[in-house]
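Architecture at a glance
Okay, here's what each chain looks like letter by letter:
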Amino acid sequence: AQSVTQPDIHITVSEGASLELRCNYSYGATPYLFWYVQSPGQGLQLLLKYFSGDTLVQGIKGFEAEFKRSQSSFNLRKPSVHWSDAAEYFCAVAPEGYNKLIFGAGTRLAVHP
Amino acid sequence: KAGVTQTPRYLIKTRGQQVTLSCSPISGHRSVSWYQQTPGQGLQFLFEYFSETQRNKGNFPGRFSGRQFSNSRSEMNVSTLELGDSALYLCASSAGGRVTEAFFGQGTRLTVV
């Protein structure tokens with residue numbers, strides 16, 4: 001069965017520091033991968049997606065993610081974190097041919113001034 | 001372009017009652033998916049509707065049902081509410097291809113007492 005693992009439940013970084021959120025997936029074929037962000041009490045906002053092609057994808061708000069098939073990973077990065085980035089981040093995979101998302105448990109990001 | 005609209009935003013129901021939630025997708029989108037978000041189980045896929053037909057289904061009991069209208073608006077119904085049904089219910093809208101990016105509404109917060 002397909003699954004997504006986000007090993008870090010909570011991460012705290014200082015404003016201006018770099019950020020990397022980890023995501024590992026379990027899926028046999030080529031995965032469709034996504035990162036979403038959720039602020040408290042809100043819905044999910046799509047940060048970026050990987051369907052095929054270049055394994056380094058750029059997203060909104062200065063985020064990027066790199067797809068590494070050999071490691072079954074799709075880690076999210078940002079070179080310099082802003083206080084407004086504090087939120088919960090979800091990695092998700094869509095099995096090929098199915099318009100449904102399987103989410104990881106999420107990583108809650110706190111940003112210290 | 002208007003986003004995904006979910007109504008109502010908040011609901012309080014009594015155990016044993018039934019509830020109907022509504023979702024209006026982005027104009028032109030033909031696929032609507034529903035997700036349940038709880039602290040214990042995280043984000044879980046309920047079902048997807050495309051062109052008024054249920055195309056994918058998650059692992060939820062039959063008390064959870066949905067439908068889609070010809071204008072792509074969707075409703076989700078939960079009958080015989082249980083305390084464990086308390087959750088944030090999120091609707092996602094997508095263009096309708098096999099796998100496409102999903103745009104989420106702000107959700108309906110259902111509390112069962």
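Structural notes, computed from the coordinates. (Residues numbered from 1 in each chain as written. Chains lettered and ligands numbered in written order. Predicted model: local features only at pLDDT ≥ 70, side-chain atom pairs only at ≥ 80, totals over all residues. Heavy atoms only, no water.)

Quick look at the pairing of strand E10 (residues 87-94) of chain A
Where a strand is regular, its side chains alternate between the two sheet faces. Residue and element names in this part refer to chain A. For clarity, the threshold we go by: Buried, partly exposed and exposed residues are distinguished by accessible area as a fraction of the type maximum, computed with a 1.4 Å probe on protein chains only: under 20%, between the cut-offs, and over 50%, respectively. Secondary structure counts use DSSP, requiring at least four H or I residues in a row for a helix and at least two E residues in a row for a strand, with both numbered from the N terminus. Only when DSSP finds a minimum of two bridges between them are two strands counted as paired.
Burial analysis of E10 places eight of its eight residues in the buried class, the great majority of the element. Judged from the seven bridges that link them, strand E5 (residues 32-38) and E10 form a sheet pairing that is antiparallel. Residue pairing for E10: Gln38 is matched across the bridge by Glu88. Inspection of the sheet shows E10 paired to strand E12 (residues 107-112) by three bridges, in the antiparallel sense. Across the sheet, Tyr89 pairs through a bridge with Thr107, a residue of E12. As defined by bridge partners, E10 adjoins strand E11 (residues 102-103) across two bridges and the pair is classed as antiparallel. For Ala92, the partnering residue across the bridge sits in E11 and is Phe103.

Quick look at the pattern of salt bridges
Residues and elements named next belong to chain B. What counts, and what does not: Salt bridges are counted wherever a side-chain nitrogen of Lys or Arg sits within 4 Å of a carboxyl oxygen of Asp or Glu.
The final tally for this structure, using the stated rule, is eleven salt bridges over all chains. Across the salt bridge formed by Asp85 and Arg63, the nearest N and O atoms sit 2.8 Å from each other. You can see Asp85 sitting in the loop between strand E8 (74-78) and strand E9 (87-94) and its partner Arg63 sitting in the loop between strand E6 (53-57) and strand E7 (64-68), a full 22 residues away along the chain. Accessibility expressed as a relative area gives 15% for Arg63, which makes it buried.

What to know about the packing of aromatic side chains
All names here are of chain A. Put simply, the test is: Pairs were defined over the aromatic rings of Phe, Tyr and Trp, the Trp ring being its six-membered one, requiring ring centres within 6.5 Å. Orientation was assigned from the angle between planes: stacked under 30 degrees, edge-to-face over 60, tilted for the rest.
Counted by the stated rule, this structure contains 16 aromatic pairs over all chains. Centroid distance Phe63 to Tyr89: 5.6 Å. Interplanar angle 50°. Geometry classified as tilted. Of this pair, Phe63 sits in the loop between strand E7 (56-58) and strand E8 (64-68) while Tyr89 sits in strand E10, and the two are 26 residues apart along the sequence. According to the relative accessible area criterion, Phe63 is buried, its value standing at 1%.

Quick look at the nonpolar core
Applied cut-off: Working definition of a nonpolar core: buried Ala, Val, Leu, Ile, Met, Phe, Trp, Tyr and Cys residues. They are joined through side-chain atoms within 4.5 Å.
Within the largest apolar cluster, 28 residues are counted, with the highest numbers of intra-cluster contacts made by A:Leu19, A:Trp35, A:Leu47, A:Leu48, A:Phe74, A:Leu76 and A:Tyr89. Elements that contribute at least two residues to this core include exactly strand E2 (10-14), strand E3 (19-21), E5, strand E6 (44-50), E8, strand E9 (73-78), E10 and E12 of chain A. The leading source of residues in this core is E10(A), at four residues. Core analysis: the next-biggest nonpolar cluster, separate from the first, contains 21 residues, B:Leu11, B:Trp34, B:Leu46 and B:Met76 among them.

Focus: the side chain of A:Gln6
Residues and elements named next belong to chain A. The condition is simple: By the criterion applied in these results, polar contacts are pairs of N or O atoms within 3.5 Å in which, for protein atoms, one can donate a hydrogen and the other can accept it, and in which residues neighboring in sequence qualify only through two side-chain atoms. It only takes one pair of heavy atoms within 4.5 Å for two residues to be counted as in contact.
Looking at the secondary structure, you find Gln6 in the loop between strand E1 (3-5) and E2. Of the polar contacts made by the side chain of Gln6, one reaches the backbone nitrogen of Cys91; its length is 3.0 Å. Among the polar contacts listed, one links the side chain of Gln6 to the backbone nitrogen of Gly106, at a separation of 3.1 Å. Leaving out residues up to four positions away in the same chain, Gln6 has contacts with Arg22, Trp35, Tyr89, Phe90, Cys91, Gly104, Ala105, Gly106 and Thr107.

What about unusual backbone geometry?
Of all residues except glycine, most have a negative phi; of all peptide bonds, most are trans. Residues and elements named next belong to chain B. A cis geometry characterises the amide bond from Thr7 onward to Pro8, with omega recorded as -10°. Residue position: Pro8 is located in the loop between strand E1 (5-7) and strand E2 (10-13). You will see that Glu52, though not glycine, has its phi angle at about 70°, which is positive. Take Glu52: it is sitting in the loop between strand E5 (42-50) and E6. Given a relative accessible area of 47%, Glu52 falls into the partly exposed group. Phi is positive for Ser72, which is not a glycine, with a value near 75°. Mapped onto the fold, Ser72 is located in the loop between E7 and E8.

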